[in-house]
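Given next are the chains, with one letter for each unit.
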Amino acid sequence: MAAMRVSESDNPAFQHPQSVWTATGTEVPALPTLQRRVQTDAVIIGAGFTGLNAAWELSQRGVSCVVLEASDLGWGASGRNGGMAVLRYKKPWSTLSSSLGEEKARRLYKLIHEAVDTLEENVQTLQLECGFQRCGHITAATNAKATQTLQKDIEWLSSSVQDNSPRMLSADEMREHTGSSIYTGSYLDKRSAGVHPLDYSRQFGQALLAKGVEIYGGSAATSLTSEGDWIRVDTPGGSVQARKVLICNNAYPGTLEQSNALIRRVLPMTVAVIATAPLPDDLSPAILPNGELVTDMRNLVNYYRRTPDGGLLFGGRGSFTGTDSPKFFNLLHSQLGETFPQLRDIEIRHHWTGHIAMTLDHFPHMGALGNKVFYALGYGGRGVALSNLLGKHLARLALGEKNEMVTMSDDHFEPIPLRGLHLPIMQTAAFYYRFRDKFGI
Ligand SMILES: Cc1cc2nc3c(=O)[nH]c(=O)nc-3n(C[C@H](O)[C@H](O)[C@H](O)COP(=O)(O)OP(=O)(O)OC[C@H]3O[C@@H](n4cnc5c(N)ncnc54)[C@H](O)[C@@H]3O)c2cc1C
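Residues numbered from 1 in each chain as written. Predicted model: local features only at pLDDT ≥ 70, side-chain atom pairs only at ≥ 80, totals over all residues. Heavy atoms only, no water.

Asks: Before we go on, may I ask you to explain the sheet that holds strand 14 (residues 267–276) in this structure?
Replies: What links the strands of a sheet is backbone hydrogen bonding, and the strands pair in either a parallel or an antiparallel sense. Read from one edge of the open sheet, 8 strands run 7-8-6-15-16-17-14-18, paired in mixed fashion. Each of the sheet's edge strands pairs with one partner strand only, and the pair in question is strand 7 (167–170) and strand 18 (348–358). Strand-to-strand twist across the sheet, computed as the mean angle between neighbouring axes with direction ignored, equals 20°. Here helix 6 (residues 171–178) sits on the sheet in contact with strand 6 (137–141), strand 7, strand 8 (185–189), strand 15 (293–296) and strand 16 (303–306), set at roughly 90° to strand 7. (Pairing = 2+ DSSP bridges. Helix = DSSP H or I, 4+ residues; strand = E, 2+ residues; numbered from the N terminus. Axes fitted to C-alpha atoms, helices over the stretch in contact; angles between N-to-C directions. Contact = heavy atoms within 4.5 Å.)

Asks: Explain the environment of Lys244 to me, please; I cannot follow it from the model alone.
Replies: Note that Lys244 resides in strand 13 (residues 239–247). Classification of Lys244 by relative accessible area gives partly exposed; the value is 26%. As a C-alpha pair, Lys244 and Arg232 span 12 residues in sequence and 9.5 Å in three-dimensional space. When neighbours within four sequence positions are excluded, Lys244 is seen to be in contact with Asp41, Ala42, Val43, Ile231, Asn371, Lys372, Phe374 and Ala398. (Buried < 20%, exposed > 50% of the residue type's maximum accessible area, 1.4 Å probe, protein only.)

Asks: Teacher, can you tell me more about the packing of aromatic side chains here?
Replies: Note on aromatic pairs: each is described by the distance of the centres and the angle between the planes. What the rule picks out here adds up to 10 aromatic pairs. When the centroid spacing of 6.1 Å and the interplanar angle of 35° are considered together, the rings of Tyr375 and Phe413 count as tilted. With Tyr375 in strand 20 (residues 373–377) and Phe413 in the loop between helix 10 (383–398) and helix 11 (422–438), this residue pair connects regions lying 38 residues apart in the sequence. Given the relative accessible area of 0%, Tyr375 is considered buried. According to the relative accessible area criterion, Phe413 is buried, its value standing at 3%. One aromatic cluster is present, formed by Tyr89, Trp93, Tyr109, Trp156 and Phe363 through successive ring pairs. A cation over a ring is seen here: Arg80 above Trp75, with NZ or CZ 5.0 Å from the ring centre. Stacked on the ring of Tyr187, the Lys or Arg Arg88 has its end atom at 4.4 Å from the ring centre. (Phe/Tyr/Trp six-rings, centres within 6.5 Å; stacked < 30°, edge-to-face > 60°. Lys NZ or Arg CZ within 6 Å of the ring centre and 35° of its normal.)

Asks: I would appreciate a short explanation of the site of the ligand in the present structure.
Replies: Around the ligand sit 35 residues, and of these Thr50, Glu69, Ser78, Tyr252 and Val384 come closest. A distance of 2.5 Å is found between an oxygen atom of the ligand and a side-chain nitrogen or oxygen belonging to Ser78. One of the backbone nitrogen or oxygen atoms of Gly381 is found 3.0 Å away from a nitrogen atom of the ligand. Compared with its free state, where it exposes 1000 Å², the ligand has 97% of that area covered by protein. Elements that contribute at least two residues to the shell around the ligand include exactly helix 2 (49–60), strand 14, strand 18 and helix 10. (Near = heavy atom within 4 Å. Polar contact = N/O pair within 3.5 Å; in protein donor to acceptor, adjacent residues only side chain to side chain. Areas by Shrake-Rupley, 256 points an atom, 1.4 Å probe, with all protein chains shown as cover.)

By themselves, these are just geometric observations and shouldn't be taken as functional.
The following block contains the structure:
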């Protein structure tokens, strides 16, 4: 039987969260589900940014591939994130340079620029209408120590990679840039970019379909079986026989055995997001007037940006158990009020959660499981740019190229000790970090 088209409304598995991105996104035709046996060079599991980039890279090199998606384009973190493609890692440049050495830090600097450039190139080459804009990103400090760290980063960038573009903003300048008075200073990089993440996922997928890449939705990979030089990936409706398998499901392992083995190398976490109704005319002009994106430097991070409908998206941590607890949306609402007292009573129009995969070193990793199965995961909250980079390089790794991702390779990327106890450990850590954040330490 040929591939069947499934209407989005018919299949609960296709449904996206009620986010501001679904409310403001452009609908695209539903994906077909796989209902037959297919043979191809490579099969990609997951149609988020990683999987779509891997598929695009393979197709540009003339390698046939099939993308299997359990749900729909961008249904995972890719379609529900903050859409912030930031030119920094979680760790400051000065820390990276002192802990990894100058050479690796310089290489990481090049890679993060390549990541945002890859995103931009995809948007331009494939003409994706997804609000991509180099609107700038602010890393915001709420205490003197954090401000000093950012200052050291500015110095490292200038002396080690001759990059004089990012600059410090004083507390007063921060008030002008954000409309909030809680910051002691910050670091502005105007080259960081914002994107409508769901539109990027959907349009990217549609562009690949138009180029002949087969993408199936509602088609979860349920098992991988080795068959000589081939590997067979089964889905509920069909199967794909391929030479290589690229696992790109990050923090959404599903039931696939290999994904569950990989998930033991990361700490899955739920993040929660709220988005307000359009801001009132008297308040709106003072809140992020230049359209910049903001992430603070607290251990339990908050980030925010304006949304296409004129509201404000505000994100932070969620529960460690993966449930959508109202407690975390209420916490976000009160953090929003602390950051912007003028928005304390604003209507919260959307709230949703999503999963991220944290790693112990705060870097994503890509590598191989044997010689036919490849993976990339562990972006934490920094995957909007990096998943484009790793998706592209993962495809190259599967084609036999060397893994040159510095700290983002599979070196030392092992199952986390005491991983079974991660829940109480992370709950204790969250308590500890909240305490530190409260007292600015
Ligand atoms: C709420 C939220 C906010 C975030 N904000 C930011 C931000 O502003 N900036 C930033 O840099 N990063 C952010 N991130 C992180 C970023 O979104 C992710 O790192 C990135 O999208 C990961 O992309 P991915 O393609 O690897 O995974 P995903 O987008 O999660 O895609 C994985 C896909 O695999 C599919 N899948 C799972 N199992 C199977 C299977 N067995 N068969 C077939 N398909 C399967 C899933 O359905 C899913 O669609 C955020 C994440 C969240 C959740």
